[in-house]
Every structure is written in C-alpha cells, then in structure tokens.
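Observations on the three-dimensional arrangement
Below, each chain spelled out in residue letters.
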Amino acid sequence: MDKIVLIGFRATGKTSVGKKLAEALNWRFVDLDEEIQKKTGKSIKEIVEEGGWQAFRDLEKKEMQSLINLKEVVIALGGGGVLHKKEMENLKENSLVVWLYASEEVILQRIKKDAKSLSQRPALSNASLEEEVKNILKERTPWV
C-alpha cells in the first residue's frame, strides 16, 4: 500500500485526520476538494452555481484519476468521491481506504458551526439541511 484514502460524508473529519496522519507518516497530504478549487480558482459553491453538480462531479472524477499513481500520500476525498466507481476501484488497488463515519447529529453540529461549510459548500439537494444529511448518508453508505 502506497497511499491512504479517507472517505466519508461532509464534516466527518477527513481533512483534520488526513493532515495529522500525513504528518505522522511524513507523507504528503492531498485534499481533493482543495485541489479542485486551486486548479479552477473557484469555490465548490461557485463551480456548482455556474455548471451544476455534474460539472463539479466531472472535475472531481478527473482529479481522482490523477491521484491513482501518487505514492506516500494521504488523500481526503470529497464526500461524493465514492460515487465514481471506476476511480474508487483504481484507488483501492494500492491504497488503504478508510471510511470516517459520524452520526447525523454530529455531522449537523459540525456543519452548522463551520462557516466554510455554510458559505462555500452548496446544498446537495433542495431538502432542509437535516433531511439532506439523513438522505445522502442513507444513499451513500452502501457505496462504502
């Protein structure tokens, strides 16, 4: 295994844990959402507002493909990274994939406290935040 890939819903700690883990291993840390934002010069919210979720998912998929050959790296995938089946399978080949889980309640607390979540991350659906978290967790958990 030459990389560790952290997956999980928003606000489960992928970035926080990933940075600490990379430091402990003396490996590089890559946050997929941050990489996309750096390369586009836009926030995720701006990308979604301009081109819809599909535009962001296309960028996410392309960026995931670029991670496959990296070595000695800890990667924090965006919450929707698990939706890209082929890229996930390719990443799993030489990676330890770790699913970070938090309860709906903890996720909601963290999102509501985090100004970045509210200002830079667009809603995933038209539902209330509480319903969205519940529904998306239910939808994505089987992908893990």
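The model shown is predicted, which means the values in this text are computed figures rather than measured ones. (Residues numbered from 1 in each chain as written. Predicted model: local features only at pLDDT ≥ 70, side-chain atom pairs only at ≥ 80, totals over all residues. Heavy atoms only, no water.)

It is worth spelling out the overall build of the chain at this point. The secondary structure content of the chain amounts to seven helices and four strands. Seen in sequence order, the chain has helices and strands lined up from the N terminus as β-α-β-α-α-β-α-β-α-α-α. Expressed as lengths along the three principal axes of its C-alpha atoms, the size of the chain is roughly 40 × 30 × 25 Å. Contacts in the chain between residues at least 24 apart in sequence constitute 69% of all its contacts with a sequence separation of at least 6. As displayed, the chain offers around 8,100 Å² of accessible surface, 49% of which is attributable to carbon and sulfur atoms. (Helix = DSSP H or I, 4+ residues; strand = E, 2+ residues; numbered from the N terminus. Contact = heavy atoms within 4.5 Å. Areas by Shrake-Rupley, 256 points an atom, 1.4 Å probe, with all protein chains shown as cover.)

Turning our eyes to something else, we now look at the side chain of Ser95. With respect to the element layout, Ser95 can be found in strand S4 (residues 95-99). In this structure the side chain of Ser95 is engaged in a polar contact, spanning 2.5 Å, whose partner is the backbone oxygen of Leu91. Setting aside anything within four residues of it in sequence, one finds Ser95 in contact with Met1, Lys3 and Val5. (Polar contact = N/O pair within 3.5 Å; in protein donor to acceptor, adjacent residues only side chain to side chain.)

For the rest of this paragraph, the subject is the packing of helix H5 (residues 104-113) against helix H7 (residues 129-140). Between H5 and H7, the shortest axis-to-axis distance is 10 Å and the interhelical angle comes to 130°. In terms of their interaxial angle, H5 and H7 are classed as oblique. Considering the relative orientation of H5 and H7, their crossing is right-handed. Together, Glu104, Ile107, Leu108, Ile111 and Lys112 of H5 and Leu129, Glu130, Val133, Lys134 and Leu137 of H7 make up the contact between the two elements. (Axes fitted to C-alpha atoms, helices over the stretch in contact; angles between N-to-C directions. Parallel < 35°, antiparallel > 145°, perpendicular 65-115°, else oblique. Left-handed = near helix turned anticlockwise from the far one by under 90°.)

Another point: the pattern of salt bridges. Tallied over the entire structure, the rule returns eight salt bridges. Across the salt bridge formed by Lys42 and Glu50, the nearest N and O atoms sit 2.6 Å from each other. In this structure Lys42 comes out as partly exposed when scored by relative accessible area, which is 32%. Judged by relative accessible area, Glu50 falls into the exposed class, the value being 55%. Among the salt bridges present, the one from Glu60 reaches Arg57, with a minimum N-O distance of 2.9 Å. Of this pair, Glu60 and Arg57 both sit in helix H3 (residues 44-67), separated by three residues, roughly a single helical turn. For Glu60, a relative accessible area of 0% corresponds to the buried category. Note on Arg57: relative accessible area 12%, which makes it buried. (Salt bridge = Lys/Arg side-chain N within 4 Å of Asp/Glu carboxyl O. Buried < 20%, exposed > 50% of the residue type's maximum accessible area, 1.4 Å probe, protein only.)

All we've got here are geometric facts, nothing functional implied.
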